[in-house]
Amino acid sequence: MERNNNIPIRNIYYMLSYAYQTLHLSEYKQIGTEKFENVEELYSEILAIGIPVLIRGGLVKDYISIEEDSNVIKGKIDFNSTLNKNTLIIKKVSVVYDDFSENILLNQIIKATLVYLSRSNKINKKTRRIFYGLLPYFTEVSDIELNLNLWKNLKYNRQNIRYQFIVDVCRYLYEQLLLDESSTSQRMKEVQEEQRLWSLYEKFIYAFFRRETEFNVSHPQIQWIVDDEFIDALPIMQTDLVLRKDKKTLIVDAKFYSENMAVRFEGGIPKQVSSNLYQMFTYINNWKKQRDETVAGMILYARTTALNQPNHIYSIKGNQILIVSLDLQQDFNGIKENLIAYAKQFFE
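Residues numbered from 1 in each chain as written. Predicted model: local features only at pLDDT ≥ 70, side-chain atom pairs only at ≥ 80, totals over all residues. Heavy atoms only, no water.

Draft legend 1. Representation of the sheet that holds strand S8 (residues 248-255). In space, the 6 strands of this open sheet follow the order S4-S7-S8-S11-S13-S12, with mixed pairing throughout. Edge positions in the sheet fall to strand S4 (216-218) and strand S12 (312-316), since each has one partner strand and no second. Here the average twist between neighbouring strands, direction ignored, is 20°. Judged from the 5 bridges that link them, strand S7 (residues 241-245) and S8 form a sheet pairing that is antiparallel. Looking at S8, one finds that Arg-244 is bridged to Thr-249. Sheet contacts for helix H9 (residues 332-347): S7, S8, strand S11 (294-302), S12 and strand S13 (319-326); angle to S13, the most-contacted strand, approximately 170°. (Pairing = 2+ DSSP bridges. Helix = DSSP H or I, 4+ residues; strand = E, 2+ residues; numbered from the N terminus. Axes fitted to C-alpha atoms, helices over the stretch in contact; angles between N-to-C directions. Contact = heavy atoms within 4.5 Å.)

Next comes the structure, spelled out in structure tokens:
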């Protein structure tokens, strides 16, 4: 079985550092010098430091809709609910009003994470006590049951963006512990681990090029080039990364798979994963090129332990497509050098 998830803990820390600038705050400096036995320890230490930082800055509030029976009229009267409940008998009416409250999903996720971690035997006692000691700051926040769908409902803005790093780490740690506790097959665990690390890998690649290079870096949606303006039901083409310099554009798609090349049968010749190649070819052909602009694509895999790894450059219908693999198990300086070298293959 090919694998790419045995990434050194130190490299996961560096990937987090790029993906989330928050990790460069003075409060987190000690983490960079510590040695961790596993990734759970790293995530736990980040939360043990980061959640108190959030608390000191004040828990974020937002307006939430409250529905209750009251003898004081406030907000709007819900006449249907009042009649259905027959609350007039006790001199009350059903009202709906907005309240500026800490009881929002972001704080609910953090509280639920603290509860979960303070009871988990996968976390050492000292850290569990820290998490338990933070719970009183969330007394005004409702208890919810953690599940992975909660993170899909989050929306960030200028007021709450400081939460993103900590809430994402809550998810990483919860998924990691859930994976350890699950009774699913080893194959399913590898697939779930692959999906979890893919998100961090994408964030890291994007942040690295923004921070370490002078390219114009973005991740726009590409619009379909259609003949009659009819685009209903067409899939969204969301890029992971687009690098631009002068009149050159490189569309990059980051892939974190357990298998980077397709083999139809044991002993067969490895081939490119066709769906990934088709996807990149579609991106390039729907990119609205400016005059004299050269557009190419790069599929950037995380290297697996397989003998054959993608390292190819194709020219298809006048379009260059680079397919490379990045070894995340090497020293981090090597990772940085490789990423810059891959981009230079096109821009220089």
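After that view of the structure, there is still more to cover.
Draft legend 2. Geometry of H9. For H9, built from 16 residues, the straight-helix expectation of 22 Å at 1.5 Å per residue is met to within 8% by its first-to-last C-alpha distance of 23 Å. Phe-332, Gly-334, Ile-335, Leu-339, Tyr-342, Ala-343, Phe-346 and Phe-347 are the residues of H9 that are buried. The N-terminus of H9 is capped by Asp-331, whose side-chain oxygen sits 3.0 Å from the backbone nitrogen of Asn-333. (Expected span 1.5 Å × (residues − 1). Buried < 20%, exposed > 50% of the residue type's maximum accessible area, 1.4 Å probe, protein only. Polar contact = N/O pair within 3.5 Å; in protein donor to acceptor, adjacent residues only side chain to side chain.)

Draft legend 3. Summary view of helix H2 (residues 39-56). Here H2 contains 18 residues, and its C-alpha end-to-end distance of 26 Å stays within 8% of the 26 Å for a straight helix at 1.5 Å per residue. The opening residue of H2 is Asn-38, an N-cap whose side-chain oxygen sits 3.2 Å from the backbone nitrogen of Glu-40. Gly-58 sits one or two residues past H2 and shows a positive phi near 90°.

Draft legend 4. Highlighting the pairing of S12. The pairing of S12 with S13 spans 5 bridges and is classified as antiparallel. Each bridged residue has a counterpart across the sheet, and for His-312 the counterpart in S13 is Ile-323. With antiparallel pairing between neighbouring strands as the criterion, S12 and S13 make up a hairpin whose turn holds 2 residues, including Lys-317 at a positive phi of roughly 55°.

Honestly, it's all geometry; don't read function into it.
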